[in-house]
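Listed below, chain by chain, are the residues.
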Amino acid sequence: GIYDQLEPSYTVFHRESETFSCLWTRYDEDFDTFCRAYQADLAAYGAVEGFQGKPSPPPNVFNVSMVPWESFDSFHLHLPKGDRYLLPIFTIGKFYAAEGRVWLPLAAQVHHAVCDGFHLCRLIDEVRRWPKSPSAKPAEFHRAQESLS
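Here the residue numbers are simple positions, counted from 1 along each chain's written sequence. This being a predicted model, a pLDDT of at least 70 is required before a residue's local features are given, and a value of 80 or more before pairs of side-chain atoms are given or counted; all residues contribute to the totals for chains, interfaces and linings. Side-chain metrics rest on all non-hydrogen atoms present in the structure, leaving aside hydrogens and water.

Engineer: A description of unusual backbone geometry should follow, citing residues and the corresponding values.
Structural biologist: Of note in this structure, serine 56 is not a glycine but carries a positive phi near 60°. Helix and strand labels come from DSSP, where a helix needs a run of H or I of at least four residues and a strand needs a run of E of at least two; each type is numbered from the N terminus. Relative to the elements of secondary structure, serine 56 occurs in the loop between helix 1 (31–45) and strand 3 (61–67). Although it is not a glycine, glutamate 99 sits at a positive phi angle of roughly 55°. Residue position: glutamate 99 is located in the loop between strand 5 (96–98) and strand 6 (101–103). Accessibility here uses a 1.4 Å probe with only protein chains present; expressed as a share of the type maximum, an area under 20% marks a residue as buried, one over 50% as exposed, and anything in between as partly exposed. A residue is classified by how much of its surface remains accessible, and glutamate 99, at 72% relative accessible area, is exposed.

Here it is in structure tokens:
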């Protein structure tokens, strides 16, 4: 389907059992509101073990996966029936310092039927701008990007 908004779904790690659970948080354009909702979801469901830690994910979720133990140059998830999986998957790795900068690996896995390289690069460029202007909100980055196009 086509959605006006996507909701992030992310994994939480359980140290004792060395397993993961999926949580999701309703997106809000106001960054502070979204962060509070994320913290509330983490407090309520973060210790729930099982594949779906927070029940009833909406159909418009996209996956954000963290691999904080390792940095990488590329990352790929092999999905069964992946030709039918149209939502993007973002994987974030362990940050590291090099060349006087801090780097954070980010892999984006998208289906070409719904996203092409041009639009993916536009998103990645927007993400690159966030650390350079920490007071800016994502919507402000979108407007800035539009002015550059």
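Engineer: Account for the nonpolar core, with residues named and values stated.
Structural biologist: General note: in soluble globular proteins, nonpolar side chains tend to be found buried as a group. If you look at the biggest cluster of nonpolar residues, it comprises 6 residues: Tyr10, Val12, Leu23, Phe62, Val64 and Phe90. Contacts are assigned to residue pairs that have any heavy atoms within 4.5 Å of one another. Once you skip the residues sitting within four places of it in the chain, tyrosine 10 turns out to touch Ser21, Cys22, Leu23, Trp24, Thr25, Tyr38, Asp41, Val64 and Met66. By nonpolar core is meant a set of buried Ala, Val, Leu, Ile, Met, Phe, Trp, Tyr and Cys residues that side-chain atoms within 4.5 Å join together.

Engineer: Account for the pairing of strand 1 (residues 7–14), naming residues and giving values.
Structural biologist: For strand 1, a buried count of 6 out of 8 residues is recorded, marking the element as mostly surrounded by other parts of the structure. The pairing of strand 1 with strand 3 spans 4 bridges and is parallel. Across the sheet, tyrosine 10 pairs through a bridge with valine 64, a residue of strand 3. When DSSP finds two or more bridges between a pair of strands, those strands are recorded as paired. Of the pairings in the sheet, the one linking strand 1 to strand 2 (residues 19–24) comprises 6 bridges and is antiparallel in character. Among the inter-strand pairings, histidine 14 is bridged to a residue of strand 2, identified as threonine 19.

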